[in-house]
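Read off the chains here:
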Amino acid sequence: MLVLLAVAATTAMLTWHVGWWGVVVVALIAGVLLRRRAGAAWLIALGAVVGWSALIVVDMFGGSFSTLAASVAGVMRVPMPALLVVTLLFAALLAWSAAVLGSEVGKLARATPPSA
């Protein structure tokens, strides 16, 4: 649970400052750090969804979220709830793939003997 909250908070913070690339950076680092934990990529993906959900909730209280979401949903010709699901799915897929990559890179780095 602590890992989930740490990933969610870090993802939200970094996304707020650098955009969607923040998800990739957090997931890569978390993937390397949690490379030995079973199911780590799924946990990291869930953390990204929780982090982006928190950002969406914060934006909802800002006042302009519903107008923007309705406009984007109208342009894409999808219902607004579907747009929210796709947005969170995007975060989950980014985080999962970056976490798997980070985990594999971490395993390779540990397994490679230092050159003489």
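Above this text sits the structure in question.
Throughout what follows, the structure given in this document is the object of discussion. Computed from a predicted structure; not experimentally measured.

## Remarks on the packing of helix α2 (residues 21–33) against helix α5 (residues 80–111)
Where α2 contacts α5, the axes come no closer than 7 Å and their chain directions differ by 35°. Note that α2 runs across α5; the crossing there is right-handed. Contacts from Val-23, Val-24, Ala-27, Leu-28, Gly-31 and Val-32 in α2 reach Ala-91, Leu-94, Ala-95, Ala-98, Ala-99, Leu-101, Gly-102, Ser-103 and Gly-106 in α5.

## Observations regarding unusual backbone geometry
Leave glycine aside and you will find that most residues have negative phi; peptide bonds, for their part, are mostly trans. The backbone of Arg-77 sits at a positive phi, close to 60°, despite the residue not being glycine. Inspection of the secondary structure assignment puts Arg-77 in the loop between α4 (65–76) and α5. With a relative accessible area of 78%, Arg-77 lands in the exposed category.

## Structural notes on α2
Between the first and last C-alpha of α2 there are 19 Å, a value that for 13 residues agrees with the 18 Å anticipated at 1.5 Å per step. Along its buried surface, α2 packs onto α1 (2–18), α3 (40–62) and α5.

## Side note on the packing of aromatic side chains
For the coordinates displayed, the defined rule picks out 4 aromatic pairs. Ring geometry for Trp-52 against Phe-90: centres 6.0 Å apart, planes inclined by 50°, an arrangement best described as tilted. With Trp-52 in helix α3 and Phe-90 in helix α5, the pair connects residues that are 38 residues apart, well separated along the chain. For Trp-52, a relative accessible area of 10% puts it in the buried group. Within the aromatic cluster, the residues linked to one another by ring pairs are Trp-20, Trp-21, Trp-52 and Phe-90.

Parameters at a glance
Residues numbered from 1 in each chain as written. Predicted model: local features only at pLDDT ≥ 70, side-chain atom pairs only at ≥ 80, totals over all residues. Heavy atoms only, no water. Axes fitted to C-alpha atoms, helices over the stretch in contact; angles between N-to-C directions. Helix = DSSP H or I, 4+ residues; strand = E, 2+ residues; numbered from the N terminus. Left-handed = near helix turned anticlockwise from the far one by under 90°. Contact = heavy atoms within 4.5 Å. Buried < 20%, exposed > 50% of the residue type's maximum accessible area, 1.4 Å probe, protein only. Expected span 1.5 Å × (residues − 1). Phe/Tyr/Trp six-rings, centres within 6.5 Å; stacked < 30°, edge-to-face > 60°.

Without other data, these values stay purely geometric and don't point to any function.
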